[in-house]
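# Working through the structure, step by step
If you want the building blocks of each chain, they are given just below.
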Amino acid sequence: MNRKVERDTMPELLRLISIFGIIMMHLFGIYRFESSGTNLLFGIGINTLFNCGVSIFILISGYYGIKFSVNSIVKLWIITVFYSLMQVIVSMVMVTHEFNIRELWLAFFPFSTRKYWFISSYLLLMFFSRFLNMAVEFLEKKQLGLLIASLAFVFSVLPTLTQLQVMNDCGKGPLNLLLIYFIGGYIKKYDVDMNKNKIVTTLLGLFFAQFVMNCITTKYRGGWYLPFSYDCSMFIVISSSLIFLLAKKSNYQNHFINKIAKRTLGIYLLEGTIEILMESIGVVFDFYSPLLPLYITIEAIAIFVICLVIDSVREILMIPLFLMLDKINGILKPIIKIVHYRILD
């Protein structure tokens, strides 16, 4: 019997580090406008380091390739609705203390309400993945490179240099994710590689420059303003690509880490709910405390672990439902494939 090939662990570890960094950024969000001194520098620092997390998620998806699957889309919708409903219920019980039928109804449509902008954009990538993968597969190296360069110039370079955004979404939308997806596919197709020392040196330079410029813009605006850490910033696009290139150099494999990394989606969907819950029970720290970075780090670790446990339980509870969906998919898959190919033809 052939053993299942274990997926490389470094990209999976990157996903875990990225989601932890996203939790820290979200936690600091409630303090960002009132913070000053070292606390403000800490906030700018974690955004400089970790706001490339979403881009890293999509680079990994582009590298391995998203496969179109109705079954996967349905499962994604079910998981997202589950956590969307949980957040609404927690908010009503712990915060507003009011029953809101409209919020409950909207919880069933998290994609159209942009409640989870990343999931909405990722769903579009899933839906058009066959065509995106065809572009990566059939375009010649020069053509694919020109496509990536064109997308990068319009949606990353220009917004960074002019501070005028084409889509006005700070890169939190499908077009920026499309650019990152193509970069991941390009890296895979042409086995892009760089010298490790050059990657590390370039990354340090980029992080330093990004940090300094974010400090300058915050000082100039008189408050929190980090345009060079936006998802569409060319600093984020370049640094996330370099981090991925560095990670893919390793052939390290660890089943435990790979297994935990599967919880990344659940952690992303759930962490906001746990933050609301913690705030409602009084887990809010002094804005001016010199220990604020430590408190936020400890709270981020706690949220990460809580989300990990809850999502593991959620997976167990949904096993019967997902097994039923797999059986239905097995029956309908030939029909869906015929219709899909006839549409393409």
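This text follows the structure it describes.
Residues numbered from 1 in each chain as written. Predicted model: local features only at pLDDT ≥ 70, side-chain atom pairs only at ≥ 80, totals over all residues. Heavy atoms only, no water.

## Let's talk about the pattern of salt bridges
Convention followed: Take a side-chain nitrogen of Lys or Arg and a carboxyl oxygen of Asp or Glu: if they are within 4 Å of each other, that pair is a salt bridge. Secondary structure elements follow DSSP: runs of H or I no shorter than four residues count as helices, runs of E no shorter than two count as strands, and numbering proceeds from the N terminus. For every residue, the accessible area obtained with a 1.4 Å probe (protein chains only) is divided by the maximum for its type, and the residue is called buried under 20%, exposed over 50%, and partly exposed between those limits.
Applying the stated criterion across every chain yields a total of eight salt bridges. The partner of Lys-248 in a salt bridge is Asp-191, with the nearest N and O atoms 3.3 Å apart. With a gap of 57 residues between them, Lys-248 in the loop between α11 (234-247) and α12 (255-261) and Asp-191 in the loop between α9 (174-189) and α10 (196-221) connect regions that are remote in the sequence. Using a relative accessible area of 54% as the deciding quantity, one classes Asp-191 as exposed. Close ionic contact of Arg-263 with Asp-311 constitutes a salt bridge, the shortest N to O distance being 2.6 Å. Of this pair, Arg-263 sits in the loop between α12 and α13 (264-280) while Asp-311 sits in helix α14 (residues 292-344), and the two are 48 residues apart along the sequence.

## Quick notes on the nonpolar core
Condition: Definition used in this section: a nonpolar core is a set of buried Ala, Val, Leu, Ile, Met, Phe, Trp, Tyr and Cys residues joined via side-chain atoms within 4.5 Å. Any two residues whose heavy atoms approach within 4.5 Å at even a single point are treated as in contact.
Counting 89 residues, the largest nonpolar core has Phe-118 and Phe-182 as the members making the most contacts within it. Sorting elements by how many residues they give to this core places α14 first, with ten residues. Sequence-distant contacts of Phe-182, that is, excluding residues within four places in its chain, are made with Leu-132, Ala-135, Val-136, Leu-144, Leu-147, Ile-148 and Leu-151.

## So, unusual backbone geometry
Backbone geometry at Cys-170 places phi at a positive 55 degrees, although glycine is not the residue there. Judged by its relative accessible area of 25%, Cys-170 is partly exposed. For Asp-191, which is not glycine, the phi dihedral falls at a positive 45 degrees.

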